[in-house]
Amino acid sequence: MKIAITSSGLNLDSAIDPKFGRCAYLTLFDTDSNTFTVTANPFQNAHGGAGTQTAQWVLNQNATVLLTGHCGPKAAAVLNAENIRVVEGVTGTVREALAQLSY
Amino acid sequence: MKPLTIAIASGKGGTGKTTIAINLALVVPNAQYLDCDVEAPNGHLFLHSKKLTTTTVRTPLPQIDNSLCTRCGECADACKFNALAVTKQQVLVFADLCHSCGACRYVCPIDGAITEIERDIGTVINGVAEKIPTVQGLLNIGESSAVPVIKAVHEQALAAQHRILDAPPGTACAMVETVRGADYCVLVTEPTPFGLNDLALAVGVTRALGVPCGLVLNRCDVGDQTVLDYCHEQNIPVLLSIPFERSLAEAYSCGVPWVTAQPAWREQFQALWQAIERKVITA
């Protein structure tokens, strides 16, 4: 299972980025292999529709869970269309957020 | 001389665009007033125009036939406004991000998978105030793009009359759409740091559009000298200066145009019009 996490930095001790669509980095954690990748969000500075496209990115990565601070209504519509579990209000570091997640 | 299109813009909001536009429209012989500030049109409060016709403005929106769509994603890739998202089951369309460019329909490899429906986004009201034909655009509440409504207002421009365009504040798409193609742009500002900052941005837009511009300085006796210094440096003519005066504010607050309230201001605005005409000829 893959978990997408919005992050403000490049490692697991980086703080969760509270924004979804315009987050700085997207961490993708694979619970099967216990490995992760970090990608600079290509839509951070989109003129409009950052949320829909960041959500599209999460879909394309085949993630099934998203951990973030707040996800806007258009991004949520994209994620809900594919039944991605969206966990909002997450704070602290990426590592702490993953530790709290029961799966 | 052929009829002119004059845009009244500002950068900063609340500097007096509508005041200048309506007073100018009232003194220019054979003028038409077009309110392009479609998010908050207010020229009618001073012109008291009589409504003649109301037309709905519609804009195309893609509609996806999910039974034909293969979810190939070409449409979402082509969309520069991020208005489409592709899931395994369907393509989602976000109307408030769509700019109606038609690119999705153009690139779609499946015949009939993307069609377009028309969506109401605002209205254009044609009216008349005394002898002045007026046009007012009104964007529906909640809509994000004013541009299609401003285009619809432009379509009502009368070829045989001088067109006075009341532009929206700012320097974004709506202002650009209003000023683009005008013969001259009157920038209204006040002599404050905020006024200067936004004036410089607006001047940048008019120069990029190739529209010559001049300045009306409102509340000219407050603030500082920096706006005048800037105009001098940038070779921008100051066409009219308006003092911060109680009688003008009172007339405004009662919805009475200055040229109606005070004959002296009729002459000032006639002089402004002559100055604009001269600038257009020499530009």
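Residues numbered from 1 in each chain as written. Chains lettered and ligands numbered in written order. Predicted model: local features only at pLDDT ≥ 70, side-chain atom pairs only at ≥ 80, totals over all residues. Heavy atoms only, no water.

Focus: the overall build of chain A
What counts, and what does not: Each helix corresponds to a stretch of at least 4 residues labelled H or I by DSSP, and each strand to a stretch of at least 2 residues labelled E; elements are numbered beginning at the N terminus. We compute the radius of gyration over the C-alpha atoms and compare it with the globule rule, which gives 2.2 Å times the number of residues raised to the power 0.38.
Scanning chain A from N- to C-terminus turns up three helices and five strands. Each helix and strand of chain A, ordered N terminal to C terminal, gives the series β-β-β-α-β-α-β-α. In terms of overall size, chain A behaves like a compact globule, its C-alpha atoms giving a radius of gyration of 12 Å where 103 residues would be expected to give roughly 13 Å. Along the longest, intermediate and shortest principal axes, the C-alpha atoms of chain A span 35 × 25 × 20 Å.

Some words on the sheet that holds strand 2 (residues 25-30) of chain A
The strands that make up a sheet are held in pairs by hydrogen bonds between backbone atoms, and each pair lies either parallel or antiparallel. All names here are of chain A. Note the cut-off: When DSSP finds at least two bridges between two strands, those strands are taken to pair. Throughout, an axis means a line fitted to C-alpha atoms (over the contacting stretch in the case of helices), and angles, computed between N-to-C directions, take values from 0 to 180 degrees.
Spatial ordering of the open sheet is given by 3-2-1-4-5, a layout of five strands whose pairing is mixed. What marks the edges here is a single partner per strand, and that holds for strand 3 (35-40) and strand 5 (85-87). Each adjacent strand pair in this sheet contributes to an overall mean axis angle of 20°, direction not counted. Sheet topology places strand 4 (residues 65-67) next to strand 5; three bridges connect them, and they run parallel. Across the sheet, the residue bridging to Val65 is Arg85, located in strand 5.

Section: the packing of aromatic side chains
All names here are of chain B. To keep things clear, this is the line we draw: Paired rings are identified among Phe, Tyr and Trp, the last through its six-membered ring, by centres lying within 6.5 Å, and are further divided according to the angle between planes into stacked (under 30 degrees), edge-to-face (over 60) and tilted (the rest). Summary of the burial criterion: residues with accessible area below 20% of their type's maximum are buried, those above 50% are exposed, and those between are partly exposed, where the area comes from a 1.4 Å probe applied to protein chains only. Criterion for a charge above a ring: Lys NZ or Arg CZ within 6 Å of the ring centre, and within 35 degrees of the ring normal.
Scanning the entire structure with this criterion turns up three aromatic pairs over all chains. With a centroid separation of 5.0 Å and an interplanar angle of 40°, the aromatic rings of Phe46 and Tyr252 are classed as tilted. With Phe46 in helix 2 (residues 44-47) and Tyr252 in helix 9 (residues 246-253), this pair connects stretches of sequence that are 206 residues apart. Taking 5.7 Å as the distance between ring centres and 55° as the angle between the ring planes, the aromatic pair formed by Trp258 and Trp265 counts as tilted. Residue Trp258 is classed as buried on the basis of its relative accessible area, which comes to 6%. For Trp265, a relative accessible area of 7% corresponds to the buried category. The structure contains a cluster of three or more aromatic residues connected by ring pairs, namely Trp258, Trp265 and Phe269. One Lys or Arg, Lys12, reaches over the ring of Phe194 and ends 5.1 Å from the middle of that ring.

Re the interface of chain B and chain A
Quick note on the threshold: Residue contacts are defined here by distance: any two heavy atoms, one from each residue, within 4.5 Å place the two residues in contact. Buried area: the sum, over both parts, of the accessible surface (1.4 Å probe) that disappears when the two are put together. The term salt bridge refers to a pairing of a side-chain nitrogen on Lys or Arg with a carboxyl oxygen on Asp or Glu at a separation within 4 Å. Any N or O atom pair separated by 3.5 Å or less is treated as a polar contact, with the protein-specific requirement of one donor-capable and one acceptor-capable atom, and with residues adjacent in sequence counted only for side-chain atom pairs. Residues are grouped as follows: Ala, Val, Leu, Ile, Met, Phe, Trp, Tyr, Cys and Pro are nonpolar; Asp, Glu, Lys and Arg are charged; all remaining types, including Gly, are polar.
Listed per partner, the contact involves 13 residues of chain B and 14 residues of chain A. Carbon and sulfur atoms supply 52% of the area that chain B and chain A bury against each other, a total of about 1000 Å² over both sides. On the chain B side of the contact with chain A, Asn82(B), Phe94(B) and Leu97(B) bury the most area, a combined 41% of that side's loss. At the junction of chain B and chain A, the tally comes to two salt bridges. Between Asp96(B) and Lys74(A) there is a salt bridge, with the nearest N and O atoms lying 3.0 Å from each other. Here chain B and chain A share six residue pairs in polar contact (both at pLDDT 80 or more) between them. When residues in the side of chain B that touches chain A are grouped by element, the largest group, three residues, is from strand 4 (residues 84-86) of chain B. A breakdown of the residues in the side of chain B that touches chain A according to their chemical character gives seven nonpolar, four polar and two charged.

Concerning the domain arrangement of chain B
Operational definition: Each domain's limits were defined by an automated method or a database of domain assignments.
Each assigned domain of chain B is listed here: domain 1 (5-57 + 122-282) and domain 2 (66-112). With centres defined by C-alpha atoms, the gap from domain 1 of chain B to domain 2 of chain B works out at 39 Å.

Re the sheet that holds strand 3 (residues 50-64) of chain B
Residue and element names in this part refer to chain B. Pairing is mixed in the open sheet, where nine strands are placed in the order 3-6-7-2-8-1-9-10-11. Edge positions in the sheet fall to strand 3 and strand 11 (238-242), since each has one partner strand and no second. Sheet twist, expressed as the average angle between the axes of neighbouring strands with direction ignored, equals 20°. Looking at chain direction, strand 2 (residues 31-35) and strand 7 (residues 132-139) are connected through three bridges and run parallel.

Topic: the environment of Asn197(B)
Residues and elements named next belong to chain B. If you trace the backbone, Asn197 turns up in helix 7 (residues 193-209). Asn197 gets classed as partly exposed once you look at its relative accessible area, which sits at 46%. Between the C-alpha atom of Asn197 and that of Val227, which follows or precedes it by 30 residues, the distance is 9.0 Å.

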